[in-house]
Amino acid sequence: METRTIRDRFFAFFEQREHQRVPSSSLVPNDPTLLLTNAGMNQFKPYFLGEQSPPFDRATSAQKCFRTTDIDEVGKTSRHLTFFEMMGNFSFGDYYKADACPWAWELVTEGYGLDPEVLWVTVYETDDEAEEIWRDAVGVRPERIVRRGKADNFWSMGVAGPCGPCSEIYADLGESFGPAADNGPAGNEDRYLEIWNLVFMQNDCNAAIEPIAELPKKNIDTGLGLERTAMVLQKAASVYETDTLGGMVERAAELTGKKYGSDDATDKGLRVLGDHGRSLTFLIADGVLPSNEERGYVLRRVMRRAIRHARLLGRDEPVLPGLVEATAELMGDAYPEVVEKKEFILEVAAREEERFSETLHKGLSLLETELAKSLGSERRTLSGDVAFQLHDTWGFPIDLTQEIALEADVAVDTDRFDKLMEGQRERARSARTTIGYGGSDGTPGTEATYFTGFEHLEGNGKVLAILEAGEGVPVAEVGHEVDLILDQTVFYAEGGGQVGDRGTVGSPSGAAEIRDTRKTDGGVFLHRAKVTTGEIAVDDELELHVDQ
Ligand code: SER
């Protein structure tokens, strides 16, 4: 059964049962406690908490999800993904366990045609009610129902918020995935694959994931992993051999000239390219831009990890644009945004790859030399100073350094790295507060800026220099306040009794708000900029817009 059929049948099943179909929310959540959307229920959190009243009592969706915790696992296993689609049905204080369990069973067995003989269910250790429903109302054989503790069968968002006991449906993948276990999924998680999680959302929990109160109503939140379900129904050996992700892996193989299935190292690389290619496309489509902070950092991490694996597989030419194209072809029907925004995504991807390609080689040779030294030493540890230099000078996300070190069986002194990072942040903070605006006076040798703003309020300009607290820096990240020096500008600088212009500037890598424009005695325009998304770097070509 094709992925699109699994998706369509899910919607049809729950729409027949009066569920309102709701579009996926963005990967950038409307929730300050979450970095990226990690479950279908995220967009409904205010309904579960009783903070807002829902416009409908039942909903169904296919949600774009991203799980940062799994980045390093991707490639190594047959089922880990960063980006995945989660099908869900939700009840906001309407139906509860007695309907949710039989419906899930009906869809899995009759709708998707899975033999009940391959299915197992788990329930939370104290949830007698759920066990009774599965056994007596649904007819699951008692030996196929397994009780599990909080680590497995109590679901939360990983942050404070709605949570509750859960019950999961597992499919037995058979002998080729390992030995059978009497207690099924509790005995062998490789052979028994979780496909559907039914959460009985009834508690509010604190940041330590301890339930602190009952929710105003009892709710249902379910999540069926689309890629995993496709793996079971297509009898694939991994999620990477299903129709959609298989297409991604195939494209990665074409781009690198490799063959999936040749050896473990090749397969790992191709899986990384397949997964990361999809996830970076979706992140950029939802407005995330690569940077060194927060979700921009997550994106940079997957992009740079993918680039490194492409080089390992022998591709020296750009690889990310080809993966963006493949994602648009394979997923554009269900998620039109990846087609509509394709040109922009391609630009961002190409630029990040170009930038990292310039430093990857130098960084890798430094790392290899240092790893060889560490291997010869007793502690087999790469110093935090080298990790910091790799990050600061050569753009290696710390996780990438760690991954490469780990491959050589070397640890990284992350305590020292964290200290150096904190010291750098501290220096930047104090420099910003003590020097303030007046410290910037252009960089030596910068020529007077060519001013075109008498005729236009919009134009282009290339970044010649960036001053942060009076000192030249190569790049300004989101949140930073800097002075931009451009080769030409449409922004009028304060003078002759007129205030300096304000407005916005931007490129595919980032955008900034221009809060003031001043001019040095030498005629160099200083655009006081606060970076609002992504980052602005020297040599960027910016589009300039003066606020009329
Ligand atoms: N929120 C649950 C999960 O993510 C069920 O949708 O697994």
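Whatever comes next refers back to the structure up there.
Worth saying up front: this structure is predicted, and the values here are computed from it rather than measured. (Residues numbered from 1 in each chain as written. Predicted model: local features only at pLDDT ≥ 70, side-chain atom pairs only at ≥ 80, totals over all residues. Heavy atoms only, no water.)

Draft legend 1. Seen up close, the pattern of salt bridges. Inspection of every chain in the model, using the stated rule, returns 48 salt bridges. Across the pair R147 and E131 runs a salt bridge whose closest N-O atoms are separated by 2.7 Å. On the criterion of sequence distance, the pair formed by R147 in strand 5 (residues 145-148) and E131 in helix 4 (residues 128-138) is long-range, its members being 16 residues apart. Note on R147: relative accessible area 35%, which makes it partly exposed. A salt bridge links E352 to R304; the nearest nitrogen and oxygen atoms lie 2.8 Å apart. With a gap of 48 residues between them, E352 in helix 12 (residues 342-376) and R304 in helix 9 (residues 294-312) connect regions that are remote in the sequence. Like E352, the residue R304 is buried in the burial classification. (Salt bridge = Lys/Arg side-chain N within 4 Å of Asp/Glu carboxyl O. Helix = DSSP H or I, 4+ residues; strand = E, 2+ residues; numbered from the N terminus. Buried < 20%, exposed > 50% of the residue type's maximum accessible area, 1.4 Å probe, protein only.)

Draft legend 2. Region of the structure containing the site of the ligand. Around the ligand, a shell composed of A39, M41, R67, M86, W155, N197, V199, D221, T222 and G223 is seen. A distance of 3.0 Å is found between an oxygen atom of the ligand and a backbone nitrogen or oxygen belonging to G223. Within the complex, 96% of the 230 Å² of free accessible area of the ligand lies under protein. Within the residue set of the shell around the ligand, elements represented by two or more residues are strand 8 (192-205) and strand 9 (211-225). By residue number, the principal contributor to the shell around the ligand is strand 9, which donates three residues. (Near = heavy atom within 4 Å. Polar contact = N/O pair within 3.5 Å; in protein donor to acceptor, adjacent residues only side chain to side chain. Areas by Shrake-Rupley, 256 points an atom, 1.4 Å probe, with all protein chains shown as cover.)

Draft legend 3. A look at unusual backbone geometry. In this structure, E18 is a non-glycine residue whose phi angle is positive, near 60°. Following the sequence through the fold, E18 ends up in the loop between helix 1 (3-15) and strand 1 (20-21). Of note in this structure, I209 is not a glycine but carries a positive phi near 60°.

Draft legend 4. Main features of a negative patch on the surface. Together, E354, E358, D487, D539 and E541 line one region of the surface with negative charge. Tracing the chain through its elements places E541 in strand 21 (residues 541-546). (Patch = residues over 30% accessible without salt bridge, like charges linked within 9 Å, V, L, I, M, F, W, Y side chains within 5 Å. Lys, Arg positive; Asp, Glu negative; His and termini not counted. Charge placed at Lys NZ, Arg CZ, Asp CG, Glu CD.)

Draft legend 5. Molecular detail of the pairing of strand 19 (residues 510-519). Across five bridges, strand 18 (residues 503-507) lies against strand 19 in antiparallel orientation. Across the sheet, the residue bridging to V505 is A512, located in strand 19. The antiparallel pairing of strand 18 with strand 19 creates a hairpin that spans two residues between the two strands. In this sheet, strand 20 (residues 525-537) lies alongside strand 19 in antiparallel orientation, the contact comprising nine bridges. Bridging from a neighbouring strand, A512 pairs with V531 of strand 20. Where strand 19 folds back on strand 20, the antiparallel hairpin that results is connected by five residues, among which G523 adopts a positive phi of roughly 80°. (Pairing = 2+ DSSP bridges.)

Draft legend 6. Structural context of the side chain of H391. Following the sequence through the fold, H391 ends up in helix 13 (residues 384-392). Under the relative-accessibility criterion, H391 is labelled buried at 13%. Residues contacting H391, with those up to four places away along its chain left out, are N292, F396, F417 and M421. (Contact = heavy atoms within 4.5 Å.)

Draft legend 7. Highlighting the environment of T33. By the element assignment, T33 lies in the loop between strand 1 and helix 2 (45-48). Residue classification places T33 among the partly exposed residues on the basis of a relative accessible area of 43%. Note: C-alpha distance between T33 and D286 (253 residues apart in sequence) is 18 Å. Contact partners of T33, with chain neighbours within four places excluded, come to K45 and V159. A distance of 2.7 Å separates a polar atom in the side chain of T33 from a polar atom in the side chain of D31.

Draft legend 8. Inspection of helix 12 at higher detail. With 35 residues, helix 12 should reach 51 Å at 1.5 Å per residue; the first-to-last C-alpha distance of 48 Å fits that figure. Along its length, helix 12 shows its largest kink, about 35°, at L360. (Expected span 1.5 Å × (residues − 1). Bend = angle between axes of the 7 residues up to and from the residue.)

Draft legend 9. Layout of the pairing of strand 9. Pairing geometry for strand 3 (residues 83-91) and strand 9, over four bridges, is antiparallel. In the sheet register, M86 faces strand 9, and the bridge partner there is G225. Sheet analysis places strand 8 next to strand 9, joined by nine bridges and oriented antiparallel. Note that in strand 9 the partner of W196 across the bridge is L224.

Keep in mind these values describe shape, not function.
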